[in-house]
Each structure stands twice: as C-alpha cells, then as structure tokens.
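Residues per chain are reported as follows:
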Amino acid sequence: MEEIVFDIRNMGVSYRKASSLPWKVNKFWALHDVSFKVRRGETIGIIGRNGAGKSTLLKVMADIIRPDQGTVDRADVTVTLQSISAGFDKRLTGRQNIFLNGILLGMSHKDVTKRLDNIIELAGIGTFIDEPTKTYSSGMLSRLGFAIAYYVETDVILIDETLAVGDEAFKKKASEMIKKKIQSHYTVILVTHSLELVGELCDRIIQIENGCSLPELPLNESLERYKNTCLTNN
Amino acid sequence: MNTRSKILNISVYRALSELRSEGARTYAGYLWWILAPLMSLAVYYVAFKYILNRGTENFAVFLFSGIVVYRFFANTVTRGSESILGGKGLMQLVYLHKSIFPLTVVLVNLFKFIITLLLLMVACWAFGLRPAWAYLSLPLLLVSTTLLVAGAAMFCAAIMPFIPDFKMILSTIVHLLIFLSGVFFDVSRLSAKMQMIIRWNPLATLIEQFRLVLLHGRWPNLAHLAQATLTSMIMLVIGWLLIQHFDRRYAKIS
C-alpha cells in the first residue's frame, strides 16, 4: 500500500466578488465539489476547459489558499509550483535573482550555491546571467524561472502547463526535463490542455467540469469522455 | 508553514536584494539615502528659521534628529502598508508567510535609518556637541523605535488589502503625525496637560529620547520609554495576529 500524499474530499473554494458595499458579500464558487486521492510517485493529469477551476485547485494543493468547504489532508511533504518568475527583481542580475528566487522557494543559500552551475546551464542564457534581468526577453525570463524551480528539492511538483512559454527548442528541452522527473520518484500533478501529453505521461486523469471533479475512469475512457464533453458543449 | 526563523531569513534576504537594487535604480544611487533626508531638512530649516523666524539653540540638529526618526516611521509605514497588496503576484505562486512583505520594508528602512543616524551623530559633533556615555543607550532606543515602526507597518499592511480606502486615511494620519510628534518643537516645553496627551504618541516620546541622548548627553527617561515600547509591542502583536489569521486569505483577494 503506497503512501497517500493528498486526500481531497468534497473540497470547494469560494471567492468574494467585488461588491459596491463591504457588507454585501457576493460569493462565487470556483470549485464546488472536488474529491480525489494522490499516492506518492503517481503522475496525475488534471484536465478541464478554461475556467473549470484547475488553477484554483493547484493553489489549494500548494497550500497557497485554504478551501472553504470539504477537507484536504496532506502528508508531510513539500510542494512546489513549477515555473515561477514573479519573484524576480528586474534591476538585479540573473545570478542575484537565482539566489533571491531560490530562497523564496525554500532553498537555503548553501543549496543555491551548490546548484548554481546547474541552474545557469539549464537556463542557457549565456553571458546575460550577469546582466540585470530588465534586459532579458520574456523567453529568457521564463527559462531562468523554469531552471530555478527545476532544481528545488521537493516531493510534489505542480505544473501548470498553460504558464509555459519560450521557443520551441526550449519547450522541448523543458518537457524532456519534466518527463525525467515524472519517471523518477517524484509525485507530479500536471495541468494541461494537451491530451497527447496526458495520455503519454500520466497514470491517472482527473477531469474538472464547472468546479466539480467527475467520477474517475480508466485512462482511455477518461480521455474519450473529455473529448466528448468538449464536443457537446461547443 | 514557514517557521519564524525562516520568515526572518527570507525577509533579510529580500531586504538585501531590495537595497542592492535601489542603488541601481537612480544615477546618484546609494547617495540618496543621505541626500533625501538632508533635502527634507533643508526645506523645514528654511521654512522655520527664515520664514517663520523660529528656532532654538542648535536648531539644525534639533530639527534633523526629529526628521530622521520621523522619516524612518513615515516611509516604512507608507510603503509597508502597501507591501502585502504589492506582493499579490508572488503570493499566487509560492506560499510565503505574509508578514515577510512588511518585514522586508522594515529591514530596508532600518538599514537606511542607521546610516542617517550616523550622519546625525557626525552633525552633532560638527556643531560642537560632545559624545557622552549616554550614547550607550542608543541601541535600546533603536530597538524600541524598530518595534514601533514594525508594529505600525504590520498592522497597516494587514488591513490594507481588505479596506483599500484606508490608504487615503493613512496618508493623512502620517502627515498629521509630523505635527503631533514634536519634529519641529520641544515636547517638554508644552503645558503639562498637552505633554501628557502627546506622550501617548510613542513616536513623540522616541524623538524626545533621541534628542535627550544626542543633543543633551543625558540618559533617556525610562518610564516614558517603557510606555512607548509597550504601546509599540501591543501594535506589533495585533498586527502579527491579524496577518497570521488572514495568511491564506490575502491570495484570494482580487
């Protein structure tokens, strides 16, 4: 029996809608009723149309927000959202930003120093590493962000593929690196619109529809169902 | 869950990065840490000394000591109050204890405050005031002032995301405080009743204590200092508890 990393039961998240008066509370439920379990080492694909609540689900799993109903039981694990670049200070150099971001992601100064060469190599931005990041193109920024997050020691990786940018060559490299992680002992939660990727990489699929998780089906049937829901609704 | 040592660790690192990047933002760079307070001194000095014809003995250092402490407070509270709002992008991507945002601002400004405090000491010597044994109490004053500034910044940062209108009120309060903190006048020359009222303002008390030490070479009044420190601690605890309570709510405010 493998260890259960996440046990999510009837979980829902509501946001307050902007209202004209502070005592008028307008709630909007981004997630209504989501239930599923994740075991250690599994790769889970989360699919669903735009606005289904996938990103909100990732935020709950990363413990960035708390659910407003239901429960989320989490084993004692570290969870990292892959690909971040919001912690960058544009006036600092790439190298300085590696340290800043690494520390924000929970690494110690020593950890970052140890992985510095690897990160710089993966980012592959050459001599720009010692230039202020305001001179970077958006592609370079996301490569650097990806490279830093890639080397964070973590038990669970959450990947929001919709965030991934960069040229084709880097996309290919990034997805190869991710595949390597998926094939090792990591637990991976992958949010994507690419059914190919899901079919190839994931052990199980969770479909989110209007804030609810649909009953789980075997991989192939699950993919079929998703294609059908997309067809019927368009 | 970030532990307290981790919170401090991240805040210190963010503060160092911020200081470094501030130097790269303008042509004069780090020089602004000294120039900005000197310019604000020049404005008030001209206004009070020459236009209003006011001014006590050693008026320049008297004024400067008030301005230096007030600026530490005003800058930190103003910028700190917006810090959690400003960290909205970052907090969507990685869980950080939200006290990190105001604490970073406190540390950045504490560093600048220490530099201007050294400048103030040099100015005092230049005006013929001798260093005194009472200088040994300066670290105590520094801790007390930092507690006040951190308390006010945390409290304001905690409520600002929920009440955006507070920004307008806060700027008025901060503006008002320059008049209620004895930056331009000596609190001990006011009527006894007025003194009692003004001493409820910890900023006024702290400015007075800094002047006792630096301008008169006397030890701070411990009773007044204790009262100010207690008020600051209460604010700090309330601010901390608010941030702790709403820690995972801030990321949901849009």
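For the structure, check the block above.
First, a word on what this report is: a plain description of the structure on this page. Bear in mind the structure is a predicted one, so any value in this text is a computation, not a measurement.

Before going further, it helps to spend a moment on the overall build of chain B. Each helix and strand in chain B was counted, giving 11 helices and zero strands. Starting at the N terminus and walking to the C terminus, you meet the elements of chain B as α-α-α-α-α-α-α-α-α-α-α. Its C-alpha atoms give chain B a radius of gyration of 19 Å, within 12% of the compact-globule value 18 Å for 254 residues. Projected onto its principal axes, the C-alpha positions of chain B cover 55 × 45 × 35 Å. A fraction of 78% describes how many contacts in chain B between residues 6 or more apart in sequence connect residues 24 or more apart.

Now for the packing of helix α3 (residues 59-81) of chain B against helix α8 (residues 166-180) of chain B. All names here are of chain B. Running from N to C, α3 and α8 point in directions that differ by 175°, and their axes come no closer than 11 Å. Between α3 and α8, the crossing angle belongs to the class labelled roughly antiparallel. Contacts from Y70, A74, V77, T78 and S81 in α3 reach L170, V174 and I178 in α8. Partitioning the contact of α3 with α8 into residue classes produces six nonpolar, two polar and no charged.

What follows covers the nonpolar core. Membership of the largest hydrophobic core comes to 122 residues, with the highest contact counts inside it found for I46 and I189 of chain A together with A153 of chain B. A domain split of this core shows at least three residues from each of domain 1 (4-20 + 27-77 + 188-233) and domain 2 (84-154) of chain A. Among all residues touching I46 of chain A, those that are not within four sequence positions of it are K54, L57, I189, L190, V191, I206 and I208 of chain A.

Another aspect to go through is the interface of chain B and chain A. At the junction of the two partners, chain B supplies 19 residues and chain A supplies 20 residues. Secondary-structure elements contributing two or more residues to the side of chain B that touches chain A are α1 (4-23) and α5 (88-91) of chain B. Here the side of chain B that touches chain A gets five residues from one element, more than from any other, and that element is α1 of chain B. In terms of residue class, the side of chain B that touches chain A is built from 10 nonpolar, five polar and four charged.

Moving on, we get to the packing of helix α6 (residues 100-126) of chain B against helix α7 (residues 138-159) of chain B. Residues and elements named next belong to chain B. At their nearest, the axes of α6 and α7 sit 9 Å apart, and the two run at 145° to each other. Both α6 and α7 take part in a crossing whose hand is right-handed. Residues F101, P102, V105, V106 and L110 of α6 pack against T146, V149, A150, A153, M154 and A157 of α7. When its residues are assigned to classes, the contact of α6 with α7 shows 10 nonpolar, one polar and no charged.

What counts and what doesn't
- Residues numbered from 1 in each chain as written.
- Chains lettered and ligands numbered in written order.
- Predicted model: local features only at pLDDT ≥ 70, side-chain atom pairs only at ≥ 80, totals over all residues.
- Helix = DSSP H or I, 4+ residues; strand = E, 2+ residues; numbered from the N terminus.
- Rg over C-alpha atoms; globule rule 2.2 N^0.38 Å.
- Contact = placed C-beta atoms within 7 Å.
- Axes fitted to C-alpha atoms, helices over the stretch in contact; angles between N-to-C directions.
- Parallel < 35°, antiparallel > 145°, perpendicular 65-115°, else oblique.
- Nonpolar A, V, L, I, M, F, W, Y, C, P; charged D, E, K, R; others polar.
- Core = buried A, V, L, I, M, F, W, Y, C linked by C-beta atoms within 7 Å.
- Buried ≥ 20, exposed ≤ 12 C-beta atoms within 10 Å, placed from the backbone.
- Domains from an automatic or database assignment.
- Left-handed = near helix turned anticlockwise from the far one by under 90°.

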